[in-house]
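The chain contents come next:
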Amino acid sequence: MISPARPIRLWLGICLRSTRWQVRGSARSRRLLTTAHQGTVVAFWHRSLTLSPALWFWARRIEPALRLRVLISRNRDGQLISQTVRPWDIIGIHGSSGRKGKDKGGASVLRVALKELRNGALVAITPDGPRGPAEQVQPGTVALSRLAKCAVVPMGLSCSGLRLPSWDGLAFPLPFGHGAMVAGAPLFQPDAETLQDALRAVSQQADILVQRQKRSLADRLWHLTGTLLAPALTIMLRIRLHRGKEIRTRLRERMGLGAPSRPAGPLLWVHAASVGETLSALPLVEALLQKQPDLHVLFTTATVTGSDIVARHASSGDRLIHQFIPHDVPRWVRRFLKHWRPDGVVFVESELWPGMVSACYRRGIPVMLVNGRLSDCSARRWARVPRLAKRMLSRLAWVAARGPEDALRFRALGASPVFEDGDLKQDAPPLPYDEKELARLKALIGSRPVFVAASTHPGEETLILAAAARARRTQPDLLTIIVPRHPVRGAELAAEFGLPRRSTGATPDAATPVWLADTLGELGLFYRLADRCLIGNSLCGNGGGHNPFEPLRLGTSTATGPLMQNWRDAMSTLSGVVHSVQDMESLAQWIVTSLPAVTEARCNHPVVNRLRDRILGMIEE
């Protein structure tokens, strides 16, 4: 006659091994569960007993030397459980608490469990078992932890399946589902109430993680769209490579492939789209690494220039790892998250993708948005798809907006909680530059006054050139340097206005009125050459502006046009420091006006420390 333990073991093995498990919770507890010869009590509710082998499968993959023991009752059901799990090297210790004066081996099992703990085994116990009441801690677990003087790790276990009509609603797993294991913070000699509250909390978290796996119609549509677009995105990557916007040897990173090994310990994923966001995020990364010595940061960017800035950082390659962010294709994002397993995600400014946010949410990875920026135009676009916007933003752990206006827009679209910590770019370091090149250009320019029009957009160059021509009536030796936001426009601008281009090797001489600086990542160089500058994307068209803190931090007198709506909070902070010009005439007048020296004092605020503490608090939960 075949023992019923065999089909039960076969069914559990198929179900538990085919389930996609997430392991979350306290990093300290996870280390305890995967450290041999430590001696730790593992507690979970009796209803999760059928799921507990999955915990052992996970722990033994990490540390094969673990010895696993589980307290099981002496009755027939206990014997069946013991026979079922023994081939998995899970050894039962038989006995249970006494009832109505009857000795059920409780004292004996306690002595054996203590011996196993002192010999370094993991000992699992169901504090409400074997007969309940359900989710009520019985005295045995408390007594065991106090006598052993070791940690108790409360575990929440949940997966796709059914609940049997037993006294505790025993879990009946189904194959190819989703599961979650949540480790609570280790407890030392807890009382019954403390352990009970901890077990209820982690069990609830595990149930929520499993529920999160259920995709809505919007999730499914986004998943389908990303999957269908994958071939087109692959072609686009090849086109970008041909245009010099990708690195051939790192193209696979865009598909979630080709990554180095994940470092041990806590890992925070920080994503910044390009140069400006990267520069503003790096001081925050430095503060995080300094505050938590065992932390590693995975820093992703969308552009090559952003990767260059990360590569020049002092911690790069050690505790700071750079990767290019994969496109929002479900299969590519899944690969990325499966490999890196981040403990938390920080997106900078407005870099939010529904697929990525959803994938992190389903895995229980907290997603935080810092320096949150939501322009009027972006808010209107998201408002056209309110359900998608609310579903995505409500999945964020929190949003730290740049200021009151951005915070109001985020709240209106469904984000909560939303903090107003200030603009992270106020704490950004000065833009980088090449010292030798600065000295060379200063020697060429001499004592000529220099006006820089930075990050200009189409239509602005015509107004700027007209204003510069008028200003040269007062200052004939004025040198105007135009730095287009997108250097690829250099050839077009040079042909239209007859300008010498830096990208072709042209340099300004004593007779050069205008020089076109159509190169990438050199704005710090040109701001240091300037006596005064204009922030582009603010004079005409839709506008919106660019970062006014960058030139001010270098002591450069700064003006903007009237269209700085994306930086309203910053402009309010910098009132009286940044000059506003309305048109070509007022710009020409400002260029030749004598100005007081600029101090950087109003550009520095303690935004970084507030964000650092909030992020570390989230990933340590």
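Residues numbered from 1 in each chain as written. Predicted model: local features only at pLDDT ≥ 70, side-chain atom pairs only at ≥ 80, totals over all residues. Heavy atoms only, no water.

As recorded in an unreviewed UniProt entry, the chain goes by 3-deoxy-D-manno-octulosonic acid transferase and comes from Gluconobacter morbifer G707. Per UniProt, the comment on the chain under Pathway (unreviewed entry) is "Bacterial outer membrane biogenesis; LPS core biosynthesis." Here is the UniProt Function (unreviewed entry) comment for the chain, exactly as written: "Involved in lipopolysaccharide (LPS) biosynthesis. Catalyzes the transfer of 3-deoxy-D-manno-octulosonate (Kdo) residue(s) from CMP-Kdo to lipid IV(A), the tetraacyldisaccharide-1,4'-bisphosphate precursor of lipid A." (UniProt positions renumbered as here; feature names shortened; annotations may be inferred.)

J.: A description of the overall build of the chain should follow, citing residues and the corresponding values.
T.: When its secondary structure is counted, the chain shows 23 helices and 23 strands. Evaluated residue by residue, the chain yields a buried proportion of 54% over its 621 residues. Restricting the contact set of the chain to residue pairs at least 6 apart, pairs at least 24 apart contribute 72%. Summed over all atoms, the accessible surface of the chain reaches about 27,900 Å², with 54% contributed by carbon and sulfur. Taken as two groups, the 82 positive and 51 negative side-chain charges of the chain have centres that lie 11 Å from each other. (Helix = DSSP H or I, 4+ residues; strand = E, 2+ residues; numbered from the N terminus. Buried < 20%, exposed > 50% of the residue type's maximum accessible area, 1.4 Å probe, protein only. Contact = heavy atoms within 4.5 Å. Areas by Shrake-Rupley, 256 points an atom, 1.4 Å probe, with all protein chains shown as cover. Lys, Arg positive; Asp, Glu negative; His and termini not counted. Charge placed at Lys NZ, Arg CZ, Asp CG, Glu CD.)

J.: With reference to specific residues and values, describe the UniProt feature "active site" (unreviewed entry) in the chain.
T.: Using the residue numbers shown here, the UniProt feature "active site" (unreviewed entry) corresponds to Glu277. Polar contacts involving the side chain of Glu277 include one to the main-chain amide nitrogen of Ser274, which spans 3.3 Å. (Polar contact = N/O pair within 3.5 Å; in protein donor to acceptor, adjacent residues only side chain to side chain.)

J.: Describe the pairing of strand β2 (residues 40-43), and please don't skip the residues or the numbers.
T.: Regular strands place their side chains on alternate faces of the sheet. Of the two faces of β2, both are covered, the one formed by Thr40 and Val42 as well as the one formed by Val41 and Ala43. Both β2 and strand β5 (residues 122-125) contribute to a ladder of 4 bridges, which runs parallel. Counterpart to Val41 in the pairing with β5 is Val123. Inspection of the sheet shows β2 paired to strand β6 (residues 151-159) by 3 bridges, in the parallel sense. Within the sheet, the bridge partner assigned to Ala43 lies in β6 and is Pro154. (Pairing = 2+ DSSP bridges.)

J.: Account for unusual backbone geometry, with residues named and values stated.
T.: As a rule of thumb, non-glycine residues mostly have phi less than zero, and peptide bonds are mostly trans rather than cis. Ser416 connects to Pro417 through a cis peptide bond whose omega is -5°. Locating Pro417 in the fold gives a position in the loop between α15 (404-412) and β17 (418-420). Positive phi is not limited to glycine here, since His37 has a value of about 65°. Mapped onto the elements of the fold, His37 is located in the loop between α2 (27-33) and β2. The residue Ser455 is not glycine, and still its phi comes out positive at about 55°. Here Ser455 is to be found in strand β18 (residues 450-456). Given the relative accessible area of 7%, Ser455 is considered buried.

J.: Residue-level account of the environment of Arg489, with values.
T.: Inspection of the secondary structure assignment puts Arg489 in the loop between β19 (479-484) and α18 (490-497). Between the alpha carbons of Arg489 and Ser358 there is a distance of 37 Å; along the sequence they are 131 residues apart. Those residues in contact with Arg489, other than ones at most four positions away along the chain, are Thr456, His457, Pro458, Glu461 and Pro484. Side chain to side chain, Arg489 and Glu461 meet in a polar contact 2.9 Å long.

J.: Break down the sheet that holds strand β23 (residues 579-580) for me, citing the residues and quoting the values.
T.: The 6 strands are arranged β20-β19-β18-β21-β22-β23 in an open sheet whose pairing can be described as parallel. What marks the edges here is a single partner per strand, and that holds for β20 (514-516) and β23. In terms of strand pairing, strand β21 (residues 532-535) meets strand β22 (residues 557-560) through 4 bridges, oriented parallel. Residue pairing across strands places Cys533 opposite Thr558, the latter belonging to β22.

J.: Tell me about a positive patch on the surface, and name the residues and values.
T.: Among the surface-exposed residues, Arg20, Arg331, Arg334 and Lys338 lie close enough to one another that they form a single positively charged patch. The dominant element in the positive patch, judged by the number of residues it contributes, is helix α11 (residues 330-340), at 3 residues. Within the element layout of this structure, Arg334 appears in helix α11. (Patch = residues over 30% accessible without salt bridge, like charges linked within 9 Å, V, L, I, M, F, W, Y side chains within 5 Å. Salt bridge = Lys/Arg side-chain N within 4 Å of Asp/Glu carboxyl O.)

J.: Can you break down the domain arrangement of the chain residue by residue, with the values?
T.: Where interface size is given, it is often the accessible area lost as the parts come together that is meant. On domain assignment, one finds that the chain holds domain 1 (4-97 + 105-213), domain 2 (218-428) and domain 3 (435-602). Each of domain 1 and domain 3 has a C-alpha centre, and the two are 66 Å apart. (Domains from an automatic or database assignment.)

J.: Could you give an account of the layout of surface pockets, naming the residues involved and the relevant values?
T.: One number sums up the size of the second largest pocket: a volume of about 1,300 Å³. Around the second largest pocket sit 34 residues that line it, and Trp21, Gln22, Val23, Trp58 and Arg341 are the ones nearest its centre. Broken down by secondary-structure element, the contributors of at least two residues to the lining of the second largest pocket are α1 (5-18), β1 (20-25), α2, α3 (52-62), β9 (178-183) and α11. Residue composition of the lining of the second largest pocket, by class: 14 nonpolar, 6 polar and 14 charged. When residues of the lining of the second largest pocket are assigned to domains, at least three fall in each of domain 1 (4-97 + 105-213) and domain 2 (218-428). (1 Å grid on protein atoms, 1.4 Å probe; cavity = no way out; pocket = protein on both sides within 12 Å on 5 of 7 lines; lining within 4 Å. Points joined across faces, edges and corners; volume = space filled by probe spheres on them. Nonpolar A, V, L, I, M, F, W, Y, C, P; charged D, E, K, R; others polar.)

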